[in-house]
Amino acid sequence: MNQTLTEKIAVIGGGSWATALVKILCEQPHIQVRWWLRSAEDIAHIRTYHHNPSYLSDVYLSPKKVKVCDKIKEAIKGAQYVVLAIPAAFIEEPLRELSPELLKGKRIVSAIKGMVPHKNKLVTDWIEETYGIPLDDMCVIAGPCHAEEVALEKQSYLTIASTNLACSEDFSKLMTCRYVTANPLTDLYGVEYAAVMKNIVALACGITHGIGYGDNFQAVMVANAMQEIRRFVTAVDPRERDLSSSAYLGDLLVTAYSQFSRNRLFGNMIGRGYSVKAAQLEMKMIAEGYYAAKSIFTMNEKYQVSMPITEAVYRILYEGAAPAFVMEQLKKHLK
Ligand SMILES: NC(=O)c1ccc[n+]([C@@H]2O[C@H](COP(=O)([O-])OP(=O)(O)OC[C@H]3O[C@@H](n4cnc5c(N)ncnc54)[C@H](O)[C@@H]3O)[C@@H](O)[C@H]2O)c1
Ligand SMILES: O=P(O)(O)OC[C@H](O)CO
């Protein structure tokens with residue numbers, strides 16, 4: 001192995017975002033990536049052909065920089081950072097192999113924009129509770145950035161949020177390269193909740209588009225959604241934050257309008273009459289907003305914030321309410 005590869009970073013997950021993150025990290029000359037994927041077939045393919053056959057398959061994964069691992073313990077061994085890029089709904093199972101001792105002293109980076117279902121917890125809170133990692137040793141990767149555009153090396157911006165500025169600054173440096181600019185921020189909870197909630201909004205955008213509503217309606221819904229996000233985030237974690245910045249508003253806009261949005265695509269299918277099961281089967285990718293709608297709706301039983309868009313999505317996805325009827329009702333709440 002090249003002597004200059006001094007820093008080891010583990011990436012956990014085999015989807016599009018994990019693949020894009022591996023690509024970004026490989027741009028740093030001193031980094032070796034230890035990459036754990038769930039699929040044995042994908043691991044074998046990457047070892048032989050240096051491309052992920054299942055996601056972003058055009059991205060070249062240099063064997064000099066990327067060591068693909070069968071075992072999660074092997075991936076995290078000696079790693080200073082452990083980057084989690086598995087949809088939140090599936091995070092518990094693979095991490096069961098790990099213990100507080102194995103993760104001790106490492107910085108944990110959540111690239112996940114979802115909540116752990118049933119527990120209704122942010123990933124960082126769940127990691128703190130389960131593995132005893134202090135919040136100050138964690139950060140989240142946020143901002144409007146689709147894996148597909150990273151693969152194409154289109155200029156993108158990320159926000160690295162942590163309660164510990166040094167942690168977010170350090171990891172921002174590792175995520176900055178020719179086509180990515182990463183900026184640090186100290187609003188961990190605000191960024192994490194906004195990233196979870198924008199997925200619910202993208203579902204709503206997809207649903208209305210699927211029903212036949214146009215751009216005019218969607219613009220009003222997105223504007224109202226930003227206010228809904230502000231109300232909820234302020235209730236859960238009151239502090240001053242500029243929600244018009246790219247970590248919050250930017251992420252909402254990209255997911256609501258991009259052709260690459262998983263959540264919008266999923267919502268669009270629901271609007272066109274697919275059942276939840278059928279839409280999930282049709283998509284190879286995961287729409288985090290499906291799980292988030294339930295978590296945020298349930299959390300809001302405590303906060304009682306006005307959240308008509310989240311409620312509308314929840315009723316359609318979990319109570320089987322007809323999308324056209326629910327959106328007709330939602331119209332009364334939008335301004
Ligand atoms: N894709 C993006 O552009 C992007 C950008 C920012 C953040 N994220 C976040 O990254 C996280 C990972 O999403 P992604 O886009 O890479 O996923 P994806 O939709 O591209 O891929 C699905 C992933 O889910 C895993 N998976 C599917 N079913 C599973 C199961 N039953 N058990 C265990 N794992 C299963 C697959 O192995 C794969 O890793 C999500 O929280 C997402 O919000 C994604
Ligand atoms: O836009 P989606 O639904 O693919 O979600 C992916 C990322 O969160 C975008 O930042």
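Residues numbered from 1 in each chain as written. Chains lettered and ligands numbered in written order. Predicted model: local features only at pLDDT ≥ 70, side-chain atom pairs only at ≥ 80, totals over all residues. Heavy atoms only, no water.

1. Quick notes on the overall build of the protein chain
Step number 1: Secondary structure assignment for the protein chain yields 16 helices and 10 strands.
Step number 2: For a compact globule of 335 residues, the expected C-alpha radius of gyration is about 20 Å, and the protein chain comes in at 19 Å, within 12% of that figure.
Step number 3: When its C-alpha atoms are laid out on the principal axes, the protein chain stretches across 65 × 40 × 35 Å.
Step number 4: Buried residues in the protein chain amount to 58% of all 335 residues.
Step number 5: Across the protein chain, contacts joining residues at least 24 apart in sequence account for 72% of those joining residues at least 6 apart.
Step number 6: Only carbon and sulfur atoms are counted for the fraction: they give 52% of the accessible area of the protein chain, which is about 14400 Å². (Helix = DSSP H or I, 4+ residues; strand = E, 2+ residues; numbered from the N terminus. Rg over C-alpha atoms; globule rule 2.2 N^0.38 Å. Buried < 20%, exposed > 50% of the residue type's maximum accessible area, 1.4 Å probe, protein only. Contact = heavy atoms within 4.5 Å. Areas by Shrake-Rupley, 256 points an atom, 1.4 Å probe, with all protein chains shown as cover.)

2. A short note on the sheet that holds strand β9 (residues 156–161)
Step number 1: Spatial strand order, β3-β2-β1-β4-β5-β8-β9-β10: eight strands in an open sheet with mixed pairing. At either end of the open sheet lies a strand with only one pairing partner, and these are β3 (66–69) and β10 (180–185). Across this sheet, the average inter-strand angle for adjacent strands is 25 degrees, counted without regard to direction.
Step number 2: With six bridges joining them, strand β1 (residues 7–12) and strand β2 (residues 31–36) adopt parallel strand pairing. Each residue of the ladder has a partner; that of Glu7, found in β2, is Ile31.
Step number 3: Helix α1 (residues 16–25) rests against β1, β2, β3, β4 (81–84), β8 (138–142), β9 and β10 of the sheet, and its axis sits at about 165 degrees to β2. (Pairing = 2+ DSSP bridges. Axes fitted to C-alpha atoms, helices over the stretch in contact; angles between N-to-C directions.)

3. Focus on the pattern of salt bridges
Step number 1: This model, assessed by the stated rule, comprises 15 salt bridges.
Step number 2: Linking Glu93 and Arg96 is a salt bridge whose minimum nitrogen-to-oxygen distance equals 3.2 Å. Arg96 shares its class with Glu93; the two are exposed.
Step number 3: Of the charged contacts in the structure, one is a salt bridge between Arg241 and Asp237, with a shortest N-O distance of 2.8 Å. (Salt bridge = Lys/Arg side-chain N within 4 Å of Asp/Glu carboxyl O.)

4. A short note on the site of ligand 2
Step number 1: By nearness alone, every residue bordering ligand 2 is listed as Lys113, Gly143, Cys145, His146, Lys198, Asn199, Asp251, Thr255, Phe260, Ser261, Arg262 and Asn263.
Step number 2: Residue Lys113 places a side-chain N or O atom 2.7 Å away from an oxygen atom belonging to ligand 2.
Step number 3: One of the side-chain N or O atoms of His146 is found 2.6 Å from an oxygen atom in ligand 2.
Step number 4: Here ligand 2 has 300 Å² of accessible area as a free molecule, and 90% of this is covered by the chains. (Near = heavy atom within 4 Å. Polar contact = N/O pair within 3.5 Å; in protein donor to acceptor, adjacent residues only side chain to side chain.)

5. A word on the site of ligand 1
Step number 1: As a structural note, the neighbourhood of ligand 1 is formed by 19 residues, with Ser16, Trp17, Ala147, Ile286 and Glu288 the closest of them.
Step number 2: In this structure, Ile286 approaches ligand 1 through a main-chain N or O atom, which is 2.7 Å from an oxygen atom.
Step number 3: Contact between ligand 1 and Glu288: an oxygen atom at 2.6 Å from a side-chain N or O atom of the residue.
Step number 4: Relative to its unbound accessible area of 820 Å², ligand 1 is 85% covered by the protein chains.
Step number 5: Across the shell around ligand 1, the residue classes tally to 11 nonpolar, four polar and four charged. (Nonpolar A, V, L, I, M, F, W, Y, C, P; charged D, E, K, R; others polar.)

6. Quick notes on the UniProt feature "binding site: NAD(+)" (unreviewed entry) in the protein chain
Step number 1: Residues given the UniProt feature "binding site: NAD(+)" (unreviewed entry) here are Phe90, Ala147 and Arg262.
Step number 2: With relative accessibility at 3%, the residue Ala147 sits in the buried group.
Step number 3: Ignoring anything within four residues of it in the chain, the contact list for Ala147 reads Ser16, Trp17, Ala20 and Leu56.
Step number 4: Mapping Arg262 onto the fold places it in helix α12 (residues 262–271).
Step number 5: Those residues in contact with Arg262, other than ones at most four positions away along the chain, are Ser16, His146, Glu148, Met283, Met285, Ile286 and Ala287.
Step number 6: Separated by 3.3 Å, the side chains of Arg262 and Ser16 make a polar contact. (UniProt positions renumbered as here; feature names shortened; annotations may be inferred.)

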